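# Topology and contacts: notes
So the chains spell out like this:
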Amino acid sequence: MRRSRFVVSISFFVVLLSAATLDPTRLKAQNAGQTAASVPADAPYRDARLPAEKRVADLLSRMTVEEKAAMLSGSGWMESAPIERLGIPAIKMADGPMGVRSWAGSSAITSLPGAPPKVLTTSFPAGVAMAATWDTDLVQREGQTIAQEVKALGRDMILGPTVNINRVPLWGRNFEGYGEDPYLAARLGVAYIRGVQGEGVIPAIKHFDANNEEFERHRIDEQIDERTLHEIYLPAFKAAVREAGVWSVMSAYNKVNGVHCAESVPLLHDILQKEFGFKGFVVSDWGSTYSTAATVNAGMDLEMPGGPPMQAWLANPHMQSSGNGAGWLTADKVLAEVKAGHISEATLDDNVGRILRVIFVSGLFDHPHTGGGEVDTPAQRAVALQGATEGIVLLKNAASLLPLDAKKIHSIAVIGPNAAVARTGGGGSSLVRPMYAIAPLDGIRERAGNRIAVKFALGVGMDGEDPAVDTPAVRAGLLKEATDLAAHADVAVVVVGRYPKLEGEGFDVATMDLPAGQDELIQAVEQANPRTIVVLNTGDPVTMSKWIGQTPALLDMWYGGQEGGHALASILFGDANPSGKLPVSFPKEWEDSPAYGHYPGENLKVDYAEGIYVGYRYFDTKNVEPLFPFGFGLSYTKFEYSGLTVTPYISAGKAGLTGAVVSLKVRNAGSRAGAEVVELYVHDGHAKIDRPAHELKGFKRVELKPGESQTVAFTLGRGALSYWSPEKNAWTADPGTFEIQLGASSRDIRLRAPLVLTK
Ligand code: BGC
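Quick caveat, the model's predicted, so the values are computed rather than measured. Residue numbers here run from 1 along each chain, matching the order of that chain's written sequence. Where totals are concerned, whole chains, interfaces and linings use all residues; where local detail is concerned, this predicted model gives features only for residues with pLDDT of at least 70, and gives and counts side-chain atom pairs only at 80 or more. Here the side-chain values reflect all heavy atoms present in the structure, with hydrogen atoms and water set aside.

Attention now goes to the overall build of the protein. Helix and strand definitions follow DSSP, with helices as H or I runs of at least four residues and strands as E runs of at least two, each counted in order from the N terminus. A tally of regular secondary structure across the protein gives 21 helices and 25 strands. What makes two residues a contact is simply this: any of their non-hydrogen atoms within 4.5 Å. At a minimum sequence separation of 6, the contacts of the protein that also span at least 24 residues come to 77%. Shrake-Rupley sampling with a 1.4 Å probe provides the accessible areas, and residues are treated as covered by the protein chains on show and by no other component. Carbon and sulfur atoms make up 54% of the accessible area of the protein, which amounts to about 27,000 Å² in all. The centroid of the 73 positive side-chain charges in the protein is displaced by 4 Å from the centroid of its 85 negative side-chain charges. Only four residue types enter the tally: Lys and Arg on the positive side, Asp and Glu on the negative side; His and the chain ends are excluded. For this purpose, a charge sits on NZ of Lys, CZ of Arg, CG of Asp or CD of Glu.

Quick look at the structure:
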């Protein structure tokens, strides 16, 4: 009840606002043909059988210029503007991408306990955890499931997926994205979008482009060369447009090469529209606009938020001081620019047409989402659990400490600031409020049953969370309690990491080190009990130099959503076999990171000086040893690779190589069922230009029973051999011999074979 009252009152406001700000006589000259007459019931645009283009053209021809202008900004916090006369619905949005967050207000508002409306939905693992699954089918099901929840709540659009590349380990929002590699991010982004769009829900792939740091996110100007943009920061968006036909793209807050993304002609017009062929609409990030004509002319179609919430927001001094831009595409401002001749009617038609096209192709016009389905069903929870489980990465397992044998163990000490609280995600607009969330301690207790004594000690408070546990005396007491508990247990599990106030949207992570006291806690517990398993509960790589040498077993559970604790327990006890692999390299320390020295920038400018050498492209080319390499993850079983064949093929009528089929055999040589992610990299040692040691161009996740083998095949096109040539301004592959590499991580290449490109 409360929810629907909120929505009704917002649209009422909008009608009043539009009436007050639009003078219908003002633009007669530009819009002589159209008057706000009633529309016949059989108007072609209402005919669901007609192609979307015809419907768009018909509808545009019936709209007044005032109505068109009114469509370029939202009517509320999460709603676009409806045009009731013509039956154009508002697009009702919900924040994402790790589930349906909310639509009531900014994260500051909706994160308050009990804030209205109380929307409790399934909390899925963070993007980085889903990326660690390397499971495109699962990510597609996640997108589908989230879309079903969106519809059940009567909404039409989910603000995700996030595909920004992990450039620096300190970006506050790394947890939302799919890691450091553009190919992996592209595959997962496409999968998520297909899942969402298959349900008739509109996704918004974000943030276009290169939102890679939160530091001064409204003002920072990123200097990125063309090749780096095309090879690293654009591929996920390109794939979303070309392969998934994505319906909406969200522009980023930051500037790229001197221009804010929301008004960037090179990004929005030249690349997104012309090069990629994008037919959907661009929605601004919330408060990322800075002009009227330049923004509209660049191809930014829908400014959010709008209406009264936007005005209230703009009046907030904090918004102003942080550089938030909003309120530029209000109907009166757009109309004034049309009148002044700074925005042509053809451009306005293009922008509005893009929004209308999506309203038609998504089915929103013909079948509005009225809500009413179920949310957080067992089936939906199962997807969250599978993601959390498959995403856990086993990083170390000396002397096969894991999996735990429930029959032999009598006591477990569960320790740490992230053990008894479910830290489901990082902070900000993506943080979902679920109906329940399983903390590691809950999951372990439930799985251990009555026979095993599971006891908890905090060990150290989470930095900044509770001042009461942050005095020297209390700290000493907590540490002693934890080490005593560990000393008397068969095994200790220490769950460390961050929480939304230390890792989240709007600020970067202060340091790669774990929060205060956590390294010391691990060291002390390891001393007390050598059978200690460390579990990381963060979205980023962290430094481990103080303890990793002594740690026998290490798991990364990332932020696992509401089912994180169950997933962890199933991996600890071997009910599930770990199959996650790192979607991001773990540097030994921040100083080893390729962007070190070029972050966060000076005088609000940041030079992407490392260029294309991001992540493993840097570590593997420049021979810098990471702590754990990209693509790495252990299993409780072993996989053998053999029989690599690379068969080039030439398609009819074309000279030279146009593709290759790569195949190999993978065998589970251990005694447990498990899944292996086979990674395919291409090495180019002969290009006319510097290229990384190798680049990921394929991966497959295969499930194998003990002793079972499977043939795994990949098809490579010319694109897999190509680089972006700044000289030709195009993707290019230089003839010569490439090496096809198959491996279990970027640094564990098991098989290699040549592939010759003749022309
Ligand atoms: C974030 C977006 C989010 C939007 C709406 C912005 O601050 O950058 O990712 O979707 O707010 O909450």
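Bringing helix H18 (residues 472-487) into the picture now. Expected helix span is taken as 1.5 Å per residue step, with the number of steps being one fewer than the number of residues. Along its 16 residues, H18 runs 23 Å from first to last C-alpha, staying within 8% of the 22 Å computed at 1.5 Å per residue. Listed as buried for H18 are Leu478, Ala482, Thr483, Leu485 and Ala486. With its buried residues spanning 160° around the axis, H18 presents them on a single face. Seen from the open side of H18, the exposed residues pointing more than 90 degrees away from its buried face are Pro472, Ala473 and Lys480. Elements that come into contact with the buried residues of H18 comprise strand S11 (411-415), strand S12 (453-457), strand S13 (491-497) and helix H19 (518-528). Classification of residues uses two cut-offs on accessible area relative to the type maximum, computed with a 1.4 Å probe and protein chains only: under 20% is buried, over 50% is exposed, and between them is partly exposed. This arc is built from the directions going out from the helix axis to the C-beta atoms.

A few words on the pattern of salt bridges. What counts as a salt bridge is simple: a side-chain nitrogen of Lys or Arg found within 4 Å of a carboxyl oxygen of Asp or Glu. As enumerated under the stated definition, the model contains 45 salt bridges in all. Between Glu216 and Arg219 there is a salt bridge, with the nearest N and O atoms lying 2.9 Å from each other. In this structure Arg219 comes out as partly exposed when scored by relative accessible area, which is 29%. Measuring nitrogen to oxygen at the nearest pair gives 3.5 Å for the salt bridge that ties Glu625 to Lys588. Highlighted residues: Glu625 in the loop between helix H21 (616-619) and strand S17 (639-649) and Lys588 in the loop between helix H20 (564-572) and strand S16 (605-607), separated in sequence by 37 residues. On the basis of relative accessibility, which here comes to 53%, the residue Glu625 falls in the exposed class. The exposure class assigned to Lys588 is partly exposed, which follows from its relative accessible area of 36%.

Ranked by internal contacts, the top residues of the largest apolar core, which has 127 residues, are Trp286 and Leu356. It is helix H7 (residues 182-197) that contributes the most residues to this core, nine residues altogether. Setting aside chain neighbours within four positions, we find Trp286 in contact with Trp77, Met78, Met93, Leu159, Met250, Tyr253, Met304, Pro305, Trp313 and Asn324. Core analysis: the next-biggest nonpolar cluster, separate from the first, contains 37 residues, Ala129, Leu536, Tyr559 and Leu582 among them. Nine residue types can take part in a nonpolar core, namely buried Ala, Val, Leu, Ile, Met, Phe, Trp, Tyr and Cys, and a core is a set of them joined through side-chain atoms within 4.5 Å.

Moving on: the side chain of Ser75. Along the chain, Ser75 turns up in the loop between helix H3 (65-70) and strand S1 (93-95). Given the relative accessible area of 5%, Ser75 is considered buried. Any pair of nitrogen or oxygen atoms within 3.5 Å is treated as a polar contact; in protein, a donor-acceptor pairing is required on top of that, and neighbouring residues in sequence qualify only through side-chain atoms on both sides. Side-chain polar atoms of Ser75 contact the backbone oxygen of Ser80, separated by 2.9 Å.

Right, let's talk about the sheet that holds strand S6 (residues 248-251) for a bit. Following DSSP output, two strands are said to pair if at least two bridges run between them. On the basis of which strands lie adjacent, the open sheet formed by three strands has the order S4-S6-S9 and parallel pairing. Only two strands of the sheet have a single neighbouring strand rather than two, namely strand S4 (205-208) and strand S9 (281-283). Neighbour-to-neighbour, the strand axes of the sheet open up by a mean angle of 35°, direction not taken into account. By the bridge criterion, two bridges tie S4 to S6 in an arrangement that is parallel. When the sheet's bridge partners are listed, Ile205 is paired in S6 with Val249. To get an axis, a line is fitted to the C-alpha atoms, and for a helix only the part in contact is used. The angle between two axes follows their N-to-C directions and goes from 0 to 180 degrees. Set on the sheet, helix H9 (residues 235-242) makes contact with S4 and S6; between it and S4 the angle comes to about 135°.

It is worth spelling out the site of the ligand at this point. In these notes, residues near a molecule or strand are those with any non-hydrogen atom within 4 Å of it. Of all residues adjacent to the ligand, which total 13 residues, the nearest are Asp95, His207, Tyr253, Asp285 and Glu505. At a separation of 2.3 Å, an oxygen atom of the ligand approaches a polar side-chain atom of Asp95. Interatomic distance of 2.9 Å between a side-chain N/O atom of Lys206 and an oxygen atom of the ligand.

Paired rings are identified among Phe, Tyr and Trp, the last through its six-membered ring, by centres lying within 6.5 Å, and are further divided according to the angle between planes into stacked (under 30 degrees), edge-to-face (over 60) and tilted (the rest). Taken as a whole and assessed by the stated rule, the structure comprises 18 aromatic pairs. A ring pair is formed by Tyr45 and Phe365, whose centres lie 5.8 Å apart and whose planes are at 70°; its orientation type is edge-to-face. Note that Tyr45 is positioned in the loop between helix H1 (2-21) and helix H2 (52-62) and Phe365 in the loop between helix H15 (345-361) and helix H16 (378-391), a separation of 320 residues in sequence. Here the two residues Tyr45 and Phe365 agree in accessibility, since each one is buried. Ring geometry for Phe586 and Phe628: centres 6.4 Å apart, planes at 70°, overall edge-to-face. Pair noted here: Phe586 is in the loop between H20 and S16 and Phe628 is in the loop between H21 and S17, with a separation of 42 residues, a long-range link. Across the pair, exposure class does not vary: Phe586 and Phe628 are buried alike. The structure contains a cluster of three or more aromatic residues connected by ring pairs, namely Trp134, Tyr183, Tyr616, Phe630, Tyr681 and Phe699.

For the peptide bond that leads from Lys206 to His207, omega is 0°, which places it in the cis range. Residue placement: His207 occurs in strand S4. A cis geometry characterises the amide bond from Tyr599 onward to Pro600, with omega recorded as -5°. You can see Pro600 is positioned in the loop between H20 and S16. Of note in this structure, Ala399 is not a glycine but carries a positive phi near 55°. Positionally, Ala399 belongs in the loop between strand S10 (393-397) and S11. Positive phi, normally seen in glycine, also occurs at Asn729, with a value near 55°. Inspection of the secondary structure puts Asn729 in the loop between strand S22 (723-725) and strand S23 (730-732).

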